[in-house]
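These are the residues of each chain, in order.
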Amino acid sequence: MAYIKRTREDILRSIVDVVHQHGFRATGLKELLAVSQTSAGSIYNYFGNKDELGHALIDYQWKNIRDKVIWPAIASCDEPIAQLLAVIDAIEQRHLHEPNCAGCLLGNLIVDLAGSDDAFRKHLITVFDEWQGIFTRLLEQGKQQLRPEIVPEQLAEQILTYMEGTLLMSRLYDQGDERHHLRRGFSYIRQLLKDACIKH
């Protein structure tokens, strides 16, 4: 095989899909080398071992979600509750357009890695805390639109939990062109947010 000179980002970009479909632990180094079209030497030039590659992949995927999905959705609206709804819509659309319904890679990695490795567990907690924090800030900024008894941090946790649960269950059930579980789950999430708002 002729290897191609790859940057660190090239390698991460090239392995995302195979890890998303098969899991990080189940994907061997040979397969990672094949899909990235690079040598073991090049991999170890950037990552000291497979676990370092896994941590880099978590950061790479979270940066993609944050920079390519969350921030553009927030920028598309002026009002915080509308911004959060736009984020929910954007995440749904991202997964509706996946060729295979593979769930959320970061959520999948919780199942794949967090139970057996404390470093991965802490890393994923940091990522999901940041994600929940974005939702919490939007809800706090839009608090005047929420019912008085609503606690923004709790509602943010509910939304993120429902979202990850929906993506996990859609991976189980939605294997055809129609993504019934995914669409239905995201409808529930939008309704959860709407029900928290003051009715006019």
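Look up a bit, the structure's there.
Quick look at the structure, then. Just so we're clear, the structure is a prediction, and the values are computed from it rather than from any experiment. (Residues numbered from 1 in each chain as written. Predicted model: local features only at pLDDT ≥ 70, side-chain atom pairs only at ≥ 80, totals over all residues. Heavy atoms only, no water.)

So, the pattern of salt bridges
In this structure the tally under the stated criterion is twelve salt bridges. Among the ionic pairs, Asp51 bridges to Arg25, the shortest N-O distance being 3.1 Å. In this pair, Asp51 is assigned in helix α4 (residues 50–75) and Arg25 in the loop between α1 (8–22) and α2 (29–36), connecting sequence segments 26 residues apart. Residue classification places Asp51 among the partly exposed residues on the basis of a relative accessible area of 27%. Within this structure, Lys63, Arg66, Asp67 and Glu130 form a network of salt bridges that share partners. (Salt bridge = Lys/Arg side-chain N within 4 Å of Asp/Glu carboxyl O. Helix = DSSP H or I, 4+ residues; strand = E, 2+ residues; numbered from the N terminus. Buried < 20%, exposed > 50% of the residue type's maximum accessible area, 1.4 Å probe, protein only.)

Side note on the side chain of Gln61
As for its position among the elements, Gln61 is in helix α4. Each residue touching Gln61, except ones within four places of it in the same chain, is listed here: Val16, Arg94, Leu105 and Leu106. (Contact = heavy atoms within 4.5 Å.)

Let's talk about the nonpolar core
Grouped together as the largest cluster of nonpolar side chains are 61 residues, with contacts concentrated most on Leu106, Trp131, Phe135, Ile159, Met163 and Leu193. When residues of this core are traced back to their parent elements, those giving at least two are α1, α2, α4, α5 (80–96), α6 (105–114), α7 (118–141), α8 (152–173) and α9 (180–196). Sort the elements by how many residues they give to this core and α4 lands first, with eleven residues. (Core = buried A, V, L, I, M, F, W, Y, C linked by side-chain atoms within 4.5 Å.)

No statement about biological role is implied by the geometric values presented.
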